[in-house]
Structures are given as structure tokens and as C-alpha cells.
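Each chain, written out:
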Amino acid sequence: MVTPVPLIHSKPTFGYCFDVAGQRIAYLTDTKGLPPATEEFLCASGVDLLIVDCSYPPGTTQAGHNNLDDVLSLLQRVQPRSLVLTHIGHAMDQWLLKHADSLPAQVQIGRDGAVVFEHE
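Residues numbered from 1 in each chain as written. Predicted model: local features only at pLDDT ≥ 70, side-chain atom pairs only at ≥ 80, totals over all residues. Heavy atoms only, no water.

Asker: What is the right way to look at the overall build of the protein in this model?
Answerer: When helices and strands are tallied, the protein shows 3 helices and 6 strands. In the protein, the order of α-helices and β-strands from amino to carboxyl end is β-β-β-α-β-α-β-α-β. Here the C-alpha atoms of the protein give a radius of gyration of 14 Å, agreeing with the 14 Å that 2.2 N^0.38 yields for 120 residues. Principal-axis analysis of the C-alpha atoms gives the protein an extent of 35 × 35 × 25 Å. When each of the 120 residues of the protein is scored for burial, the buried share is 39%. Counted over contacts in the protein with a minimum sequence separation of 6, partners at least 24 positions apart contribute 53%. For the protein, the exposed area adds up to about 6,800 Å²; of that, 53% sits on carbon and sulfur atoms. When the 7 positive and 13 negative side-chain charges of the protein are each reduced to one mean point, those points stand 4 Å apart. (Helix = DSSP H or I, 4+ residues; strand = E, 2+ residues; numbered from the N terminus. Rg over C-alpha atoms; globule rule 2.2 N^0.38 Å. Buried < 20%, exposed > 50% of the residue type's maximum accessible area, 1.4 Å probe, protein only. Contact = heavy atoms within 4.5 Å. Areas by Shrake-Rupley, 256 points an atom, 1.4 Å probe, with all protein chains shown as cover. Lys, Arg positive; Asp, Glu negative; His and termini not counted. Charge placed at Lys NZ, Arg CZ, Asp CG, Glu CD.)

Asker: Help me out: how do you make sense of the sheet that holds strand β2 (residues 13-20) in this one?
Answerer: What links the strands of a sheet is backbone hydrogen bonding, and the strands pair in either a parallel or an antiparallel sense. Pairing is mixed across the open sheet formed by 6 strands, whose spatial order is β1-β2-β3-β4-β5-β6. Two strands in the sheet have a free side with no partner beyond their single neighbour: β1 (2-7) and β6 (107-109). Going across the sheet, the axis of each strand differs from the next one's by a mean of 20°, ignoring polarity. Inspection of the sheet shows β2 paired to strand β3 (residues 23-28) by 5 bridges, in the antiparallel sense. Its bridge partner lying in β3, Cys-17 is registered against Ala-26. (Pairing = 2+ DSSP bridges. Axes fitted to C-alpha atoms, helices over the stretch in contact; angles between N-to-C directions.)

Asker: What exactly am I supposed to notice about the pattern of salt bridges here?
Answerer: Applying the stated criterion across every chain yields a total of 4 salt bridges. Between Arg-24 and Asp-19 there is a salt bridge; the shortest N-O distance is 2.8 Å. Owing to a relative accessible area of 10%, Arg-24 belongs among the buried residues under this scheme. Exposure remark for Asp-19: the relative accessible area of 26% places this residue in the partly exposed category. Asp-70 is the partner of Lys-32 in a salt bridge, and the nearest nitrogen-oxygen pair spans 2.6 Å. Pair noted here: Lys-32 is in the loop between β3 and α1 (36-45) and Asp-70 is in helix α2 (residues 68-78), with a separation of 38 residues, a long-range link. Residue classification places Lys-32 among the partly exposed residues on the basis of a relative accessible area of 24%. (Salt bridge = Lys/Arg side-chain N within 4 Å of Asp/Glu carboxyl O.)

Asker: Any chance you could explain the pairing of strand β4 (residues 49-53) here in plain terms?
Answerer: In summary, the side chains of a regular strand alternate between the two faces of the sheet. Counting buried positions along β4 gives 5 out of 5 residues, so the element sits mostly inside the fold. As paired elements, β3 and β4 share 4 bridges and run parallel to each other. Across the sheet, residue Ala-26 finds its bridge partner in β4, namely Leu-50. Following the backbone out of β3, through α1 and into the adjacent parallel β4, one traces a crossover that is right-handed. (Right-handed = clockwise from strand over helix to strand, strands pointing away.)

Asker: What is the right way to look at a nonpolar patch on the surface in this model?
Answerer: A surface patch of nonpolar side chains, about 450 Å² in accessible area, is lined by Val-2, Phe-14, Tyr-16, Phe-18 and Tyr-27. Per-element tally for the nonpolar patch: the top contributor is β2, with 3 residues. Judged by its relative accessible area of 34%, Tyr-27 falls in the partly exposed class. (Patch = residues over 30% accessible without salt bridge, like charges linked within 9 Å, V, L, I, M, F, W, Y side chains within 5 Å.)

Below you can see the structure in the form of C-alpha cells.
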């Protein structure tokens, strides 16, 4: 089952929740935070894997896309089992080269060719 969920961005965007093999995967990109109803839905239904926009390093303010502070706050509130950073901008990539080991254990960096979920 696929459930679209509204996101906050400069224009209307949606993320998607995929229910596969008893797990929920939430794909949320092109967003700067979540509308309250979307966050409530994710918290109430539980998320196993959260793939989320993280375009900017911590302390950077930019409309339309999350920075790492936004994502870590979302991690605390939604509490997925694992989280993958995607939509990484150049400045965030540079920050990660120096600080990747400072991310929480359940946070991964999305990379080309990475497998984050397998279903038989």
C-alpha cells in the first residue's frame, strides 16, 4: 500500500509511505519540516525506515529543505528504526566528509547504489 503525505516546501509536495512486508518506509524529500497532520500520522503508525531530505549542514537556514538539525529533531519525534539522509547538497556533503562519525547509529548517508531495504 502507498500513502501520500503532504510536506512543507515552497510549492505543494508530497512524500510517500510504503507498507511492504509488514514494514513502513517513509520517503520524504523536498521538504522543510512536516505539517502537524503528517507528523502525527507517522508517529501514530510507526516508521521502520525514514528516508528524508537533508540538503544542508547544521546551523544553515534555508527555506524549502531540511538541514541536519531539522532531521535530527524529526528523528527524535518520529523515532524510526533507521533513517537515511538523501537530497544532500554540496555544503552538507562537505560537512559529512569531516563529521560522518558524529551521526547517530541509526542514521545512514544515502549513496548511489546503496540498498536500504530488501524484499523477497
